[in-house]
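# An overview of the molecular structure
What follows is the residue order along each chain.
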Amino acid sequence: MNTTIGCALLGMCTVLVWPPVLATLLGWEPPLPHRSDGSARLLAMAASTGHAALLAGVAPRLAAAPGTVTTACSYAAALLAITAAALCVAYERTPAEHREEDHPPPASFPRRP
């Protein structure tokens with residue numbers, strides 16, 4: 001990848017990802033369809049962790065860092081990507097647990113004569 005293209009892509013991702021993520025972490029509710037149980041912050045954390053994984057994986061290559069630094073950053077990027085995936089799973093599983101606790105199974109209703 002050309003250094004100019006890589007820097008432009010990282011800049012665009014930063015401009016597009018960080019403002020809504022920071023606003024969501026500070027309490028803003030995005031107008032997109034989401035769950036009302038407050039888990040939008042989990043999704044924002046997953047997005048920020050995924051962006052950090054992108055930065056950790058690409059930045060050393062763009063800076064022409066030595067091989068050991070690039071390898072260490074690649075491992076860090078893999079761990080960050082796994083963390084982002086775990087946060088996405090937590091985002092998906094949280095409402096199912098709340099639904100079972102908040103809403104007991106419906107009682108049978110008597111039939112009308």
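Coordinates for the structure precede this section.
Here goes a summary of the coordinates provided. (Residues numbered from 1 in each chain as written. Predicted model: local features only at pLDDT ≥ 70, side-chain atom pairs only at ≥ 80, totals over all residues. Heavy atoms only, no water.)

### Concerning the overall build of the chain
Assigned secondary structure in the chain consists of three helices and zero strands. Reading the secondary structure of the chain in the N-to-C direction produces α-α-α. Restricting to contacts in the chain with at least 6 residues of sequence separation, those with at least 24 account for 70%. (Helix = DSSP H or I, 4+ residues; strand = E, 2+ residues; numbered from the N terminus. Contact = heavy atoms within 4.5 Å.)

### Remarks on the packing of helix 1 (residues 3–25) against helix 2 (residues 40–62)
At a closest axis distance of 10 Å, the pairing of helix 1 and helix 2 adopts a crossing angle of 160°. Classified by the angle their axes make, helix 1 and helix 2 are roughly antiparallel. The handedness of the crossing between helix 1 and helix 2 is left-handed. Contacts between helix 1 and helix 2 pair Thr 3, Gly 6, Cys 7, Leu 10, Cys 13, Thr 14, Val 17, Trp 18, Val 21, Thr 24 and Leu 25 from the former with Ala 40, Arg 41, Ala 44, Met 45, Ala 47, Ser 48, His 51, Leu 54, Leu 55, Val 58 and Leu 62 from the latter. (Axes fitted to C-alpha atoms, helices over the stretch in contact; angles between N-to-C directions. Parallel < 35°, antiparallel > 145°, perpendicular 65-115°, else oblique. Left-handed = near helix turned anticlockwise from the far one by under 90°.)

### Details of the environment of Leu 22
Secondary-structure assignment places Leu 22 in helix 1. As for Leu 22 and Ser 48, which are separated by 26 residues in sequence, their C-alpha atoms are 8.7 Å apart.

### Description of helix 1
Across its 23 residues, helix 1 extends 32 Å between first and last C-alpha, which sits within 8% of the 33 Å expected from 1.5 Å per residue. Where helix 1 bends most, the angle comes to about 30°, and this point is Trp 18, followed within four residues by the proline Pro 19. Every buried residue of helix 1 is listed here: Gly 6, Leu 10, Val 21 and Thr 24. (Expected span 1.5 Å × (residues − 1). Bend = angle between axes of the 7 residues up to and from the residue. Buried < 20%, exposed > 50% of the residue type's maximum accessible area, 1.4 Å probe, protein only.)

### Brief notes about a nonpolar patch on the surface
On the surface, Ile 5, Leu 9, Met 12, Val 15 and Leu 16 cluster together into a nonpolar patch covering about 510 Å² of accessible area. Taking relative accessible area as the criterion, Ile 5 reaches 47% and is therefore assigned partly exposed. (Patch = residues over 30% accessible without salt bridge, like charges linked within 9 Å, V, L, I, M, F, W, Y side chains within 5 Å. Areas by Shrake-Rupley, 256 points an atom, 1.4 Å probe, with all protein chains shown as cover. Salt bridge = Lys/Arg side-chain N within 4 Å of Asp/Glu carboxyl O.)

### Some details on the environment of Ala 53
In this structure, Ala 53 sits in helix 2. Along the chain, Ala 53 and Thr 83 lie 30 residues apart, while their C-alpha atoms are 9.3 Å from each other. Sequence-distant contacts of Ala 53, that is, excluding residues within four places in its chain, are made with Ala 77, Leu 80 and Ala 81.

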